[in-house]
Amino acid sequence: MNQRLSANIHGWLLLLPAAALLALFTHYPTAATVWQSFRSTPKGSRPSVFIGLDNYATMLDDPIFWKSVVNNLIYAAGTIPTSIALALLMAVWVNQNLAGRGFLRMAYFTPTMLPMIAVANIWLFFYTPDYGLIDQVLKLFGRGGYNWLGTKDTALWCIIVMTVWKEAGFFMIFYLAALQQIPPSLAEAASLEGASRWYFFRRVVFPLLMPTTLFVLINAVINSFRLVDHVLAITRGGPDNATSLLLFYLWETAFKFWDTGYGAALTVVLLVLLGAFALGQYFYFDRRVHYR
Amino acid sequence: MSFISVRGLKLALAGGALLGMASTQPSAALAQNLSFYYPVAVGGPITKLIDALASDFEKENPGIKIKPVYTGSYQDTIAKTLTALRGGEPPHFAVILSTDMYTLIDEEAIVAYEDMVKTDADKAWLKSFFPGFMENSQTGGKTWGIPFQRSTVVLYWNKELFKEAGLNPDKPPATWAEMLDYAKKLTKKGSTGNVTQWGVQVPSSGFPYWLFQGFTTENDVRLMNAAGTETYYDKPAVIEALQFWVDLSRKHQVHPPGIVEWGTTPKDFFEKKIAMMWTTTGNLTNVRANAKFDFGVAMLPANKRRGSPTGGGNFYVFKKSSPAEREAAVKFAKWATQPERAAQWGIDTGYVAVTAAAWDTPKMKAYVAGFPAAAVARDQLPHAVAELSTHENQRVTRALDDGLQAALTGTKTPEQAMTDAQREAERILKPYRR
């Protein structure tokens with residue numbers, strides 16, 4: 001009995017440092033955010049007061065909030081499947097025995113190593129009308145002069161393309177690692193059985209990659225809601241909120257408008273949304289994933 | 001979430017400070033140690049200039065130590081200041097946008113200069129600045145900011161392209177009609193019908209309201225009242241001004257379509273993609289260094305009158321400070337705006353020297369004689385008005401920005417866009433009218 005107690009205490013003591021840090025930097029802020037979302041924003045001598053669900057009611061009537069939600073969904077739908085498919089394609093490609101393989105792998109991975117702000121500035125130049133890279137190429141075909149970032153219909157897509165370019169290389173690394181784990185004997189067996197390469201990929205390789213796909217998918221979903229540095233650097237949410245994403249709007253509300261109460265409410269919405277996605281992915285997809 | 005974790009972090013840091021650094025505190029009582037936040041918003045070695053300013057001041061004023069803290073852009077600076085304020089440790093003084101005045105007052109963060117200055121010489125100092133700059137620095141009969149790095153909007157034109165188009169290269173457009181007429185002559189199309197050179201460009205990304213104020217002031221209408229509690233976005237003259245801007249690209253096709261990036265506008269000018277541009281005087285040194293052709297600088301063209309908004313940053317002194325610290329901060333602001341220093345600062349950076357006396361210094365006179373374009377901003381100052389600034393400033397200007405971008409991209413008519421913007425501003429400002 002005494003021994004079990006001391007083992008228990010021992011265990012808890014070992015957990016304490018990590019638990020304390022988590023509590024201080026993750027759990028306390030989360031709880032405080034939820035609490036603040038029910039309170040008004042303090043201003044000078046006017047302290048914050050309890051206002052119940054007022055911040056959430058404001059949100060329902062806030063067109064920019066809804067615009068940001070819709071933008072974010074388009075952004076997620078535009079970036080997640082494309083970057084994962086591209087990552088898989090690149091991984092399969094550089095997994096083969098070909099000359100300059102190391103160089104190719106590095107080239108694909110380079111965008112991931114660059115800081116987001118640097119990437120954003122590079123792409124800002126690509127998209128510049130007239131003398132930007134894209135317009136210069138278009139000019140060879142007698143077109144160009146197109147204001148990519150300054151037009152509502154194209155601005156969000158410009159950001160989506162840039163994100164896919166940046167993310168695909170990162171996901172490729174995971175796929176590449178997973179591909180190398182697949183024993184070559186499977187491929188040999190399949191070719192003995194006369195299976196085509198596509199059939200082998202579809203029925204053997206792809207199912208074996210499922211755990212990686214799940215992991216990458218969760219990361220991609222979180223990233224699509226979590227990364228806004230490039231929006232800040234490229235368009236600042238404009239033109240007329242066409243590229244405002246949820247987290248960008250949250251940042252703007254909390255740190256530009258200094259409406260911390262409303263900012264907290266937006267944070268709670270984002271947390272709930274991400275939590276729901278993560279749970280859904282774990283409970284739904286996890287059952288379909290084949291772990292070895 | 002992160003703004004709360006900042007508080008958590010502060011808590012942790014305070015804990016660390018209690019444990020480790022408690023012993024260092026008493027020794028600081030002798031000298032005045034002032035922390036000073038400042039932003040960098042234009043090109044050039046600004047941080048070096050500021051450090052030199054601080055060390056020169058320390059040499060002349062032993063007993064006062066200035067600790068300049070570079071805090072990023074204007075936006076970052078106000079963010080860091082307000083975060084520090086909520087953490088209980090704001091800087092002693094800072095350079096922050098003149099338009100953040102109401103925000104800082106509402107946060108009860110700053111002290112009015114009238115409550116700090118005592119001598120007649122100091123009171124005269126408060127009156128020594130160009131009135132155009134003081135509009136954004138005073139409200140409710142008190143002075144809250146001292147102009148330091150200030151600017152206005154001017155028109156730059158490419159003299160070579162003017163010559164090519166058969167225009168007099170030394171005569172900039174003086175009116176809207178002239179600007180439109182010149183722009184039509186300066187717009188060139190390639191063989192396939194796409195435009196290779198635009199007549200004029202007014203950037204509209206980020207903070208279009210500032211350049212828009214050029215149009216509205218010239219159309220003789222104000223966007224807000226002096227108390228910062230009302231906006232007039234939907235007045236007919238405002239809509240008319242926006243219609244003119246929109247027509248430049250949509251109707252006359254002499255201005256690039258859509259939203260034009262602020263940051264690449266000078267580059268467009270250097271690349272001869274545009275023949276005329278509207279941008280800040282703060283770009284003067286940049287254009288002088290990079291334009292490979294003869295260029296001119298002029299006041300913005302007039303419609304009903306001349307006009308431009310002012311812009312840039314002021315010195316603010318923070319409330320959470322001892323009387324001795326406030327005195328030292330005022331002393332620094334006064335020292336940095338002395339005619340010679342203000343003149344040198346203007347020459348080094350391209351900002352408009354903030355007092356008339358600074359323009360009368362021999363150094364400035366010699367500079368203007370060699371580079372007359374530098375004086376255009378000063379000459380425009382009598383026509384200049386305060387930059388748009390109200391309570392809840394960021395939100396109220398954002399409503400206008402959204403409206404402007406909607407009209408410029410063609411999603412709304414100017415009238416619809418301004419009516420919507422005004423409705424939004426009304427909603428935000430209502431609580432401040434009581």
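Student: Can you lay out the overall build of chain A for me, pointing to particular residues and giving the numbers?
Tutor: Scanning chain A for helices and strands turns up 12 helices and zero strands. Element order for chain A, N to C, with α for helix and β for strand: α-α-α-α-α-α-α-α-α-α-α-α. The C-alpha atoms of chain A give 24 Å as radius of gyration, which overshoots the globular expectation for 292 residues (19 Å, by more than 25%). Summarising its shape, the C-alpha atoms of chain A cover approximately 80 × 75 × 30 Å along the three principal directions. When burial is assessed residue by residue, chain A has 43% of its 292 residues classed as buried.

Student: Account for the domain arrangement of chain B, naming residues and giving values.
Tutor: Residue and element names in this part refer to chain B. In terms of domain boundaries, chain B breaks down into domain 1 (31-151 + 311-385) and domain 2 (152-302 + 392-433). The gap between the C-alpha centroids of domain 1 and domain 2 is 28 Å. Facing the 25 residues of domain 1 at the interface are 25 residues of domain 2. The junction of domain 1 with domain 2 conceals about 2100 Å² of combined surface from both sides, 53% of it contributed by carbon and sulfur atoms. For domain 1, the biggest contributors to the area lost against domain 2 are Ser 151, Phe 371 and Gln 380; these three give 25% of the whole. Where domain 1 meets domain 2, there are one salt bridge. We note a salt bridge from Glu 135 to Arg 222, for which the minimum N-O separation is 3.1 Å. In this assembly, domain 1 and domain 2 are joined by seven residue pairs in polar contact (both at pLDDT 80 or more). Going through the elements one at a time, helix 4 (101-106) and helix 17 (376-380) are the ones with two or more residues in the side of domain 1 that touches domain 2. Among the residues forming the side of domain 1 that touches domain 2, the class breakdown is 11 nonpolar, 10 polar and four charged.

Student: Lay out a nonpolar patch on the surface with the relevant residues and their values.
Tutor: Residues and elements named next belong to chain A. Together, Phe 125, Leu 133, Val 137, Leu 140 and Phe 141 make up a nonpolar patch on the protein surface, roughly 540 Å² of accessible area in all. The element contributing the most residues to the nonpolar patch is helix 6 (residues 133-140), with three residues. Structurally, Val 137 is set in helix 6. For Val 137, a relative accessible area of 43% gives the class partly exposed.

Student: Report on helix 3 (residues 63-95) of chain A, specifying residues and quantitative values.
Tutor: The terminal C-alpha atoms of helix 3 of chain A lie 47 Å apart, and with 33 residues this matches the ideal 48 Å at 1.5 Å per residue to within 8%. For helix 3 of chain A, the capping residue at the N-terminal end is A:Asp62, with a side-chain oxygen 3.0 Å from the backbone nitrogen of A:Ile64.

Student: I'd like to hear about the pairing of strand 6 (residues 146-158) of chain B, residue by residue, with values.
Tutor: Residue and element names in this part refer to chain B. Within strand 6, 13 of the 13 residues are buried, leaving the element largely enclosed by the surrounding structure. With six bridges connecting them, strand 6 and strand 11 (residues 308-317) associate as antiparallel partners. Considered in strand 11, the bridge of Pro 147 is made with Asn 314. Taken together, the four bridges between strand 6 and strand 10 (residues 295-298) define a ladder with antiparallel strand orientation. Bridged to Trp 157 within strand 10 is Gly 296.

Student: An account of the interface of chain B and chain A is requested, with residue identities and associated values reported.
Tutor: A common way to report how large an interface is uses the accessible area buried once the components associate. Counting residues at the interface gives 44 residues for chain B and 42 residues for chain A. One can count three salt bridges joining chain B with chain A. Between B:Arg398 and A:Glu252 there is a salt bridge; the shortest N-O distance is 2.2 Å. Our count for the contact surface shared by chain B and chain A stands at 10 residue pairs in polar contact (both at pLDDT 80 or more). Counting residues per element, the ones that place at least two in the side of chain B that touches chain A are helix 1 (2-20), helix 3 (74-86), strand 8 (195-201), helix 11 (265-270) and helix 18 (393-408) of chain B. Top contributing element to the side of chain B that touches chain A by residue count: helix 1 of chain B, with eight residues.

Student: How would you summarise the packing of aromatic side chains if you had to cite specific residues and measurements?
Tutor: All names here are of chain B. On inspection of all chains with the given rule, the structure shows 45 aromatic pairs over all chains. Ring centres of Trp 176 and Phe 215 lie 5.9 Å apart, and the angle between their planes is 75 degrees; this geometry places the pair in the edge-to-face category. Taken together, the positions of Trp 176 in helix 8 (residues 176-186) and Phe 215 in helix 9 (residues 208-218) put the pair 39 residues apart, joining distant regions of the chain. We note that Trp 176, like Phe 215, is buried.

Student: Describe the packing of helix 9 of chain B against helix 18 of chain B, naming the residues involved and giving the relevant values.
Tutor: Residue and element names in this part refer to chain B. Running from N to C, helix 9 and helix 18 point in directions that differ by 75 degrees, and their axes come no closer than 9 Å. Put simply, helix 9 runs roughly perpendicular to helix 18. Residue-level contacts link Pro 208, Tyr 209 and Phe 212 of helix 9 to Thr 397, Leu 400, Asp 401, Leu 404 and Gln 405 of helix 18.

Student: Kindly report on the nonpolar core, identifying the contributing residues and their values.
Tutor: Residues and elements named next belong to chain B. In terms of nonpolar packing, the biggest core is built from 71 residues, with Tyr 113 and Phe 315 touching the most fellow members. By residue number, the principal contributor to this core is helix 13 (residues 323-336), which donates seven residues. Structurally, this core is a two-domain feature, drawing no fewer than three residues from each of domain 1 (31-151 + 311-385) and domain 2 (152-302 + 392-433). Listed in part, the 54 residues of the second largest apolar core include Ala 183, Leu 223, Leu 242 and Trp 278.

Analysis parameters
- Residues numbered from 1 in each chain as written.
- Chains lettered and ligands numbered in written order.
- Predicted model: local features only at pLDDT ≥ 70, side-chain atom pairs only at ≥ 80, totals over all residues.
- Heavy atoms only, no water.
- Helix = DSSP H or I, 4+ residues; strand = E, 2+ residues; numbered from the N terminus.
- Rg over C-alpha atoms; globule rule 2.2 N^0.38 Å.
- Buried < 20%, exposed > 50% of the residue type's maximum accessible area, 1.4 Å probe, protein only.
- Domains from an automatic or database assignment.
- Contact = heavy atoms within 4.5 Å.
- Buried area = accessible area lost by both parts, 1.4 Å probe.
- Salt bridge = Lys/Arg side-chain N within 4 Å of Asp/Glu carboxyl O.
- Polar contact = N/O pair within 3.5 Å; in protein donor to acceptor, adjacent residues only side chain to side chain.
- Nonpolar A, V, L, I, M, F, W, Y, C, P; charged D, E, K, R; others polar.
- Patch = residues over 30% accessible without salt bridge, like charges linked within 9 Å, V, L, I, M, F, W, Y side chains within 5 Å.
- Areas by Shrake-Rupley, 256 points an atom, 1.4 Å probe, with all protein chains shown as cover.
- Expected span 1.5 Å × (residues − 1).
- Pairing = 2+ DSSP bridges.
- Phe/Tyr/Trp six-rings, centres within 6.5 Å; stacked < 30°, edge-to-face > 60°.
- Axes fitted to C-alpha atoms, helices over the stretch in contact; angles between N-to-C directions.
- Parallel < 35°, antiparallel > 145°, perpendicular 65-115°, else oblique.
- Core = buried A, V, L, I, M, F, W, Y, C linked by side-chain atoms within 4.5 Å.

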